[in-house]
Amino acid sequence: MWAVILGFIALGGGNPASAANGKHLGERPKIGLALSGGGARGAAHIGVIRFLEEQQVPIDFIAGTSVGAVVGGFYAAGMTPSEIEEELDDIDWTDVFIDQSSRTHRTFRRKRDDDLYLIKHKPGFNDGKLTFAMGLVQGQKIARTLSRALIDVASITKFDDLTIPFRAVASDIVTGNAVVLDSGNLAEAIRASMSIPTVITPVEINGQLLVDGGVANNLPVDVVRAMGADIVIAVDISTPLAERSAIDSVLAVTKQLTGLLTRRNVEEQIESLDSSDILIVPSLTDIATADFADYALAIPSGWQAADEQRDRIRPLSLSDDDYRDYRAGRHSPDDKMPVINRVELVNRSAVSDDYIRARLGTLESGQPLDIGELESRISDVYGTDLFQTVQYSVDKNGTDTSLEITVDDRSWGPAYLQLGAEYDSNTNGENLFNLAGSYISTAINPSGGEWRTGLQIGSEPAIFTEFHQPLGDSLMYFVNPSIGYRERIFSVVRDEDVIASLDVKETIAELAAGRELGTWGEVRAGVRYGSGESSVRIGDPGLIDYSFKRAETYLRFSLDELDSLNFPRTGTSATVEWLGSHKGLGADTSFDQLRVSAGAAITRGANTLLAVARYKTTMSGNAPLQNVYALGGFGQLSGLSADERRGQHSTLGVLAAYRHLNRDATLPIYAGVTLEHGNVWASRRDISFKDSLFAGSVWLGADTFFGPAYLAYGQAEGGRRGWYFFLGQPF
């Protein structure tokens, strides 16, 4: 009789806590938690763990795949469900899947790439072949986010030594076999487990190229059982296969193929569960794999699904005393920042250690690690746009704690192709269209030298080549020689009518040198020689063709802390440049010019206010046509024709207000207005506020793959008006 009663209790009958209370901690069955992959749906794991803690169910082992490795790894590292939720809530899910460093961390040289209308994404072109990255996302920010969250256990290299023994499951992309990661860097192991093929770049660990574990084992029941679990609680949050009626497009077919890839191995793992194991399948019909913005909605679904298994879970509960002892017996990570004794650089790139250290700066040893400062320095290194990843790890060996920073070359570099297009069309009958291509070879020497050649075809053909070489111990000094040919179209306007169009062709050679001022600015000086000719393309035959020569020196200071040149939301910019033309050096005429500009953007919520001011003046002499200043066109006195007004002096003030209409990082859309005021003058004494023009525009813009695009209506004083379609930067 007693045997029957005890057997009933062991199966979960009677008092729900009795089964656990009847055994000492050392005698109870070991419980393992198997957490599946499933993207944003994985937040349901938090709800399940929260329920298990409320029921005082001890977890002895955890194995996770993909997002299951994220949540499981965080929990195994000692985080509570609430702390995991807070950690996920702090992640900018739009930004974390964009590798590019914020513009504030990019080198000034790379910021100047934004002046070119080239597509930012660039394939490699090496040995005469196009080469591509192994994933759309290199994982720089993903790895940084994981490393920051797991810094308390960064020195633990055996996952059995975590608060709860843990395994991350990845897949070998070469063999297709599952790879169980039980040691190493925990953040790197989780990063490997969640590397969705073609989306996130694989991670190489111990000679194996690893991708998302869902390819081979999306619900690692067998893994947690092999760790020693007597009872497995398996949580399946994978996306169910679609019905026939839902498979109606190429995207749906692709999604179904991905599901088939993982579903089969999930079902095999489910079939391996026995009667003592528990399967929890949260209802997540309204949450897709990629719905990271709504991930928190999955948490209560996980709790609810676990609650539905309450009758089977409660027999696993411990008494208050035993659960307290269980929690006390778990290893707790040290939440104090490690004190770094030394910093080691592992440089797996073509540039020198000095090049990297110049941008990394000096990290103070003998002090607790400052994560914010470290991440900022690493972002500065990554902002050179040379490396696939720049990561860090902490290694503790007795009393010696080292910080290791690892830099990896891009697998598809070091030479790249870029394409671009610009277009300016308006109802005044003017159209400008150019296509461009650029070939840039980076890291051509250990000091980070690079060579770029560009070609433009269309309304204004051009070709150029330039060399940029960092110099000095800090590698912040540089020389920058270049040579190029360009053609420009100049409109000749008389009484607000275009009477002719000139074709100005010119060859220019330039030698510049200077110093970068951190990531925020630059000082440079240069000498420029050129020769060209101007001819009448269309219009008044009375205009005379002529040739010209230029011989100029210049000195320029530039500051750029804008977060974007396309649609800036924060930051400032400024430029001050003096240019002198010298007849004694070979120029046709001598003159001096000064150009001053400044801009600032501030944002509140979705609304941005951008202010821009420019003053350009010929201080002495008279500048020839190719050097005079022009205004007119969208954002440059909207309503007028492009570059309609030309003179020796110009002023322009622009106040732009715009609103971000959506939160789609793929295609951000903005609506805005501008108020513009300025003019050009032949003489400085004629400059006056009264003689300036007011203009304005209303526009709709999008930050497209090809660059900023606008549809705008502009109007200026005097009734001048026009519609514009503009691809490029107007302000």
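In this text, all values refer to a predicted model and were calculated from it rather than measured experimentally.

Student: Outline the overall build of the protein chain, supporting the account with residue identities and numerical values.
Tutor: Check the secondary structure of the protein chain and you find 15 helices and 33 strands. Structurally, the protein chain occupies a C-alpha span of about 120 × 55 × 45 Å along its principal axes. In the protein chain, buried positions account for 49% of the 731 residues. The centroid of the 66 positive side-chain charges in the protein chain is displaced by 5 Å from the centroid of its 95 negative side-chain charges.

Student: Before we move on, can you summarise the environment of Ser482 with the specific residues and values?
Tutor: Looking at the element boundaries, Ser482 is found in strand β20 (residues 477-494). Accessibility expressed as a relative area gives 25% for Ser482, which makes it partly exposed. For the pair formed by Ser482 and Met79, sequence separation is 403 residues and the distance between their alpha carbons is 56 Å. In this view, Ser482 contacts Thr465, Glu466, Ile508, Ala509 and Glu510; residues no more than four positions away in its chain are not counted.

Student: Give a description of the packing of aromatic side chains that names residues and reports values.
Tutor: Under the definition given, this model contains 29 aromatic pairs. Both rings, one in Trp93 and one in Phe292, keep their centres 4.7 Å apart while their planes meet at 15°; by these two values the pair is stacked. In this pair, Trp93 sits in the loop between α5 (81-89) and α6 (108-111) while Phe292 sits in the loop between β12 (278-280) and α11 (298-307), placing the two residues 199 residues apart along the sequence. An aromatic cluster is present here, built from Phe567, Phe634, Tyr658, Tyr670, Trp699, Tyr710, Tyr724, Phe726 and Phe731 joined pairwise through their rings.

Student: Outline a nonpolar patch on the surface, supporting the account with residue identities and numerical values.
Tutor: There is a patch of nonpolar side chains on the surface, built from Trp520, Val523, Leu555, Phe557, Val576 and Val596 and spanning about 440 Å² of accessible area. By the element assignment, Val576 lies in strand β24 (residues 571-581).

Student: So what's going on with the UniProt feature "active site" (unreviewed entry) in the protein chain? Which residues, and what values?
Tutor: As recorded in UniProt, the sites labelled "active site" (unreviewed entry) are Ser66 and Asp212. Look at the named residues: they lie 147 residues apart in sequence, but the longest C-alpha span between them is just 6.0 Å, so in the fold they bunch up. Relative to the helices and strands, Ser66 resides in the loop between β2 (61-65) and α4 (67-76). You can call Ser66 buried: its relative accessible area is 9%. Aside from chain neighbours lying at most four places away, what touches Ser66 is Gly37, Val169, Ser193, Met194 and Asp212. Within the secondary structure, Asp212 sits in strand β10 (residues 208-212). Judged by relative accessible area, which is 8%, Asp212 ranks as buried. Residue contacts for Asp212: discarding those within four places in its chain leaves Thr65, Ser66, Ala170, Ser171, Ala192, Ser193, Met194, Ser195, Ile196 and Pro197.

Scoring rules and cut-offs
Residues numbered from 1 in each chain as written. Predicted model: local features only at pLDDT ≥ 70, side-chain atom pairs only at ≥ 80, totals over all residues. Heavy atoms only, no water. Helix = DSSP H or I, 4+ residues; strand = E, 2+ residues; numbered from the N terminus. Buried < 20%, exposed > 50% of the residue type's maximum accessible area, 1.4 Å probe, protein only. Lys, Arg positive; Asp, Glu negative; His and termini not counted. Charge placed at Lys NZ, Arg CZ, Asp CG, Glu CD. Contact = heavy atoms within 4.5 Å. Phe/Tyr/Trp six-rings, centres within 6.5 Å; stacked < 30°, edge-to-face > 60°. Patch = residues over 30% accessible without salt bridge, like charges linked within 9 Å, V, L, I, M, F, W, Y side chains within 5 Å. Areas by Shrake-Rupley, 256 points an atom, 1.4 Å probe, with all protein chains shown as cover. Salt bridge = Lys/Arg side-chain N within 4 Å of Asp/Glu carboxyl O. UniProt positions renumbered as here; feature names shortened; annotations may be inferred.

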